[in-house]
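Structure assessment
Spelled out, the chains give:
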Amino acid sequence: MDDWREEFRTGLANLVDRAVVSGARQADVFQVAVEEIERLRVADDRDPDPADDASEGIIEEPANDWPATGS
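Residues numbered from 1 in each chain as written. Predicted model: local features only at pLDDT ≥ 70, side-chain atom pairs only at ≥ 80, totals over all residues. Heavy atoms only, no water.

Turning our eyes to something else, we now look at the overall build of the protein chain. Secondary structure assignment for the protein chain yields 3 helices and 0 strands. A buried classification covers 3% of the 71 residues belonging to the protein chain. Carbon and sulfur atoms provide 55% of the accessible area of the protein chain, an area that totals close to 6,900 Å². (Helix = DSSP H or I, 4+ residues; strand = E, 2+ residues; numbered from the N terminus. Buried < 20%, exposed > 50% of the residue type's maximum accessible area, 1.4 Å probe, protein only. Areas by Shrake-Rupley, 256 points an atom, 1.4 Å probe, with all protein chains shown as cover.)

We now examine the pattern of salt bridges. Counting across every chain of the model gives 4 salt bridges. Where Glu36 meets Arg39, a salt bridge forms, and the shortest distance between an N and an O atom there is 2.8 Å. Linking Glu36 with Arg39, this pair stays in helix α2 (residues 26–46), spanning 3 residues, or about one helical turn. Accessibility expressed as a relative area gives 36% for Glu36, which makes it partly exposed. (Salt bridge = Lys/Arg side-chain N within 4 Å of Asp/Glu carboxyl O.)

Per-chain confidence: the protein chain averages 83 in pLDDT, with 65% of residues scoring 70 or above. When mean pLDDT is compared element by element in the protein chain, helix α1 (residues 3–21) scores highest at 96, while helix α3 (residues 51–56) scores lowest at 58. (pLDDT = per-residue confidence, 0-100.)

Between its terminal C-alpha atoms α1 stretches 27 Å, which fits the 27 Å expected from 19 residues at 1.5 Å a residue. Remark: Gly23 follows α1 within two positions and exhibits a positive phi of approximately 120 degrees. (Expected span 1.5 Å × (residues − 1).)

A few words now on a nonpolar patch on the surface. A grouping of Trp4, Phe8, Leu12 and Leu15 is seen on the molecular surface, where their side chains present a nonpolar patch of about 430 Å² in accessible area. Of note, Leu15 is situated in helix α1. (Patch = residues over 30% accessible without salt bridge, like charges linked within 9 Å, V, L, I, M, F, W, Y side chains within 5 Å.)

What follows is the structure, given as structure tokens:
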């Protein structure tokens with residue numbers, strides 16, 4: 001079933017409509033959408049699952065081993 005496709009179409013149509021209502025030209029919105037989809041495609045070709053990278057670069061909490069200051 002292609003329920004996600006209908007949801008995608010509706011969301012995309014709403015996004016285009018909001019941009020046009022905000023003052024953008026419809027042709028410009030379509031062009032930017034095509035450019036962004038291509039950017040996403042290129043990013044996916046470079047790193048198909050960026051979530052995997054997050055576990056590789058876990059940032060440790062810094063040590064808080066400064067001596068206490070006293071007077």
